Amino acid sequence: MATLTEVDYTRVSTDAAERFVDLYYTALNGARNTISSFYLPTVTQENGRTLPHISYNGEHVSDAKSFQERWEKQMPYTHFEAQSVNVHVMNPCILPMEGKSKRDAERNMSLIVQVSGSVRLEERKAGPLRGFSDSFILVPNKEEVGGRGTGKQDTGKKWLIQSQTFRFVV
Amino acid sequence: MVARHNTPRTAAPRGPAATRRGRADRDGDVVMGMPIKGRAAVSKSTGPPTGPRRDATLRTPRGGILSATAQREILRKAGTSDMTMKEARTSAAKGGLVELKVTGWNKSKASGDADGGVSSLIKWLEKKGSTKLGSRVRSLKIRKSRTEGSDLLIKVAPEDAGALVRMNNYGWAGINITIELMGGPVQDSAAPCSEAEKTKAMLRSVLERRYDFETKFLNLSGLGADEELKKQHIFDSKSTAGKFFPAMMRVLELSFDKPEERHAAVTSVSLANNDLEDLSVVSTLSLTLPKLQNLDLSNNKLDKLSTLGIWRKRFFHLQHLILTGNPLEQNDPNYAQEIVSWYPNLRQLNGIQVRTEDEVAKRTKGAELPFPIRSALFQDEGGIAEQFIRTFFMGFDSDRAALATHYYDDNSDFSYAVNTQAPSDPAGAEKIERGEWEGYIKNSRNLKKITQLPPRQNRLFRGTKAVADAFASLPKTKHPDLASEARKWMIEAKMVPGVPDPTGQSASGVDGFKITISGEFEEVDTATGQAKKKRSFDRTFILGPGTGPAVVRIVNDILTVRAYGGAQAFEPDNAEGWNMEAAPQQQAAPVEAAGQLPAGISLEIAEQMVAELTKQTGMTLQYSKDCLDQVGWNFEAGLEAFARVKDSLPPTAFMQPTT
């Protein structure tokens, strides 16, 4: 059985956060048809609540498809810039890990990511500039957590958004 | 006459009437009645007053310089208003201080403190003196203090003295204290001596004479014809003429403690009749008063649009602009269209409506976004998240070491990141300084800047001790009151699955809370207790079930600190029509729930009493409120009641864990 050191956890979590943040905001800016692929497919938990839970400027959006649709059809130009990114491991071991490899252990944690940045709206350079705060709980893209997996070629997203809270803060 | 268009909803309908009004507005200088080109002496207040407030033109003396009485009147009103034009500083440069004597305090309940209660008295004086009708209007600072026997001698800026004298006989810590003025400015009280001081005083007097408090109008029209300025030969040489306006803007800035007070005090400016060929001489206006709503540039020599170019992308809030009487009108028939496109909030150009309120509302930021700003999404269960937030920030400001042992355990992670590039407050309330982030950078875990694995690892603090040490390295803070300053907070919470189970029974984790908070704090100087810097922050907590003294434990605490960004972004776009989910910060004030306050006790006073009782006793806001409720909102009786029952109160009655 493989166990991860604290440095392993830091390496995995920070690498994942950086990659995720780059891809996610690039998608918001310019690849909006891919937005829903960043989120967990909608699942209902035993307690009746659904995931993913997207809280956007105070509004609860409960599925990624309609979230993406609003971005595609209604959102004007945006240019997001993540100016500060930080990540912690939320749960270091989300499923029992008897006799699994280190590689599996690295994909058996959940992450909490906090982003602070600015977004230019409506118009390049001249549009209004807002400050935002965004935070995510990321889970590995595996069938066990409700994801569809990364595919045979490992091409899909490695981490999916289970929970998000976004706010304009300036 | 710019000022009277402050309320464009009622002014300037479309059609012929609007045109007439436009012509009336050609005289941009009616209010002040300055003797400019022989036209302004006659008041042309043709339109009806636009609001219940009496039109200032009816009362302002005509014929130039206001009388001394009127000046005093303006100053007096400014002194009593929320937004103050400072009482003229006798020596602005060196800041002559006024000394006051405080007596009677040494028999207070705080006399047992190490310093006999002096520091908490000073803190209270500053807080109380800064508060008027429950809202902080300026932050009063006690610059110097010393004790002589039973006297506490304090020095404050002259404009702060009045507020303190008014507090004479106020009750503090169970006794009434006496506050007396020790006489005028005690140092540097001499009349302005240097040339620079004289010029400053002269400019100040020009500004005060040309400022109308009622309409928040600063009339800088016809400066070339101003007798006082003529006497100074300001416009005789090119060099003094060029420096004059920036200097005057600087003096205007110095007249207010804070930019937001300045913005609120001056919403309209006239630069009419100044022979301006371009805006280079007056360009600093847009820096000093960026939030101007009404601007009159009529009867100048502006001959094409490009002469206005430097004010494009300035004056975002401009609602009414007057450009009549400039050659530009003839030279460029399409200038109006262009100007309207420059200023997104412009409602009137030359007195003619160019946009309706609705059109402006639609254009304003975010209104067209598919994610309008709503109130906080706060999905609590059993008040757990709410109780946590109340306790946490109280503890973070007062006793972080105790907080660390209370909420954090060996597996709790804390780290923070500094966002040095964050957009700052649109109102520009805080200045960015060099070395601004020095105290934070050392341990900042911003992954955009910290790219190596070892520092990423070192800047993650795990366990009570590491968290407490990291907390201790951060500047001391004061967060706004959650109840009385709720609008400065944005607090959202929701249940999340998969939080580590400290008992280990559930391998896949248990339900917990994710709490995200954006807000602000003041850095407090540990030596003096003075607030010195305002910043904004975003903080994400993951809470799991607790095993220790608290109901919950912190699994993760991630903090981002950034430049002060104001609280405007938290205001919902449109409160109507939205189905609001529980928003605790709107309901947070425990006093509001009380409903029944005795006569003479306003909500503000009640909130202050609750806050003060909590401060003095350490009880939670709710207990303090209940306590005051029971004794009929008599503060002293509340303290006595607390003293009687404090030993029998449950631990949950107190904000701080008793460790």
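Residues numbered from 1 in each chain as written. Chains lettered and ligands numbered in written order. Predicted model: local features only at pLDDT ≥ 70, side-chain atom pairs only at ≥ 80, totals over all residues. Heavy atoms only, no water.

Per an unreviewed UniProt entry, chain A carries the name NTF2 domain-containing protein and comes from Oleoguttula mirabilis.

(A) Spatial organisation of the confidence of the model for chain B. Residues and elements named next belong to chain B. Scored by pLDDT, chain B comes out at a mean of 76, with 75% of its residues at no less than 70. By mean pLDDT, the top-scoring element of chain B is strand 16 (residues 413–419) (98), and the lowest-scoring one is helix 18 (residues 584–587) (35). A low-confidence stretch, residues 184–192 stays under pLDDT 50, and its non-local contacts, those more than four residues away or across chains, total 16 contacts. Low pLDDT, under 50, characterises residues 575–595; the predicted model gives this stretch 40 contacts beyond four residues in sequence or across chains. In the predicted complex, the global pTM is 0.53; the interface-specific ipTM is 0.96. (pLDDT = per-residue confidence, 0-100. Helix = DSSP H or I, 4+ residues; strand = E, 2+ residues; numbered from the N terminus. Contact = heavy atoms within 4.5 Å.)

(B) Local environment of the interface of chain A and chain B. Each partner contributes to the interface: chain A provides 67 residues, whereas chain B provides 68 residues. Summing both sides of the interface, chain A and chain B together bury roughly 5,300 Å²; the carbon and sulfur share of this comes to 54%. Of the charged contacts in the structure, one is a salt bridge between Arg49(A) and Asp511(B), with a shortest N-O distance of 3.5 Å. Where chain A touches chain B, the interface holds 34 residue pairs in polar contact (both at pLDDT 80 or more). At the level of elements, helix 1 (6–30), strand 3 (53–56), strand 4 (59–61), helix 2 (64–73), strand 5 (78–91), strand 6 (110–121), strand 7 (129–140) and strand 8 (159–168) of chain A are the ones that each hand at least two residues to the side of chain A that touches chain B. Here the side of chain A that touches chain B takes 11 residues from strand 5 of chain A, the largest share from any one element. Looking at the side of chain A that touches chain B residue by residue, the class counts come to 28 nonpolar, 27 polar and 12 charged. (Buried area = accessible area lost by both parts, 1.4 Å probe. Salt bridge = Lys/Arg side-chain N within 4 Å of Asp/Glu carboxyl O. Polar contact = N/O pair within 3.5 Å; in protein donor to acceptor, adjacent residues only side chain to side chain. Nonpolar A, V, L, I, M, F, W, Y, C, P; charged D, E, K, R; others polar.)

(C) Representation of the nonpolar core in the model. Residue and element names in this part refer to chain B. In terms of nonpolar packing, the biggest core is built from 46 residues, with Leu-285, Leu-297 and Ile-339 touching the most fellow members. The set of elements that each furnish at least two residues to this core consists of helix 5 (195–209), helix 7 (238–254) and helix 11 (335–342). Broken down by element, the residue count for this core peaks at 6 residues, all from helix 7. Residue contacts for Leu-297: discarding those within four places in its chain leaves Leu-271, Ala-272, Leu-276, Leu-279, Leu-302, Leu-308, Trp-311, Leu-321, Ile-322, Leu-323 and Asn-326. (Core = buried A, V, L, I, M, F, W, Y, C linked by side-chain atoms within 4.5 Å. Buried < 20%, exposed > 50% of the residue type's maximum accessible area, 1.4 Å probe, protein only.)

(D) Molecular detail of the sheet that holds strand 14 (residues 348–349) of chain B. All names here are of chain B. Judged by pairing direction, the sheet is mixed, and its 7 strands sit side by side in the order 9-10-11-12-13-14-15 without closing on themselves. Because the sheet does not close on itself, it has two edges, and the strands there are strand 9 (211–212) and strand 15 (352–353). Relative to strand 11 (residues 268–270), strand 10 (residues 217–219) is paired through 3 bridges, and the arrangement is parallel. Across the sheet, the residue bridging to Leu-218 is Val-269, located in strand 11. (Pairing = 2+ DSSP bridges.)

(E) Quick look at the sheet that holds strand 4 of chain A. Residue and element names in this part refer to chain A. The mixed open sheet is built from 6 strands, whose spatial order is 4-3-8-7-6-5. Across the chains shown, the open sheet's two edge strands, defined by having one partner strand only, are strand 4 and strand 5. On average, each strand axis in the sheet is tilted by 20 degrees relative to the strand beside it, whichever way the strands run. Note: strand 6 against strand 7, 10 bridges, orientation antiparallel. If you follow Val-119 over to strand 7, its bridge partner there is Arg-130. (Axes fitted to C-alpha atoms, helices over the stretch in contact; angles between N-to-C directions.)

(F) Summary view of the pairing of strand 22 (residues 552–563) of chain B. All names here are of chain B. The element strand 22 is largely enclosed, with a buried count of 12 among its 12 residues. As paired strands, strand 16 and strand 22 are joined by 7 bridges and run parallel to one another. Within strand 22, the position partnered with Phe-414 by the bridge is Asp-557. Pairing of strand 21 (residues 531–545) with strand 22, which is carried by 11 bridges, proceeds in the antiparallel orientation. Looking across to strand 22, one finds that Pro-545 is bridged to Val-552. Connecting the antiparallel pair strand 21 and strand 22 is a turn made up of 6 residues.

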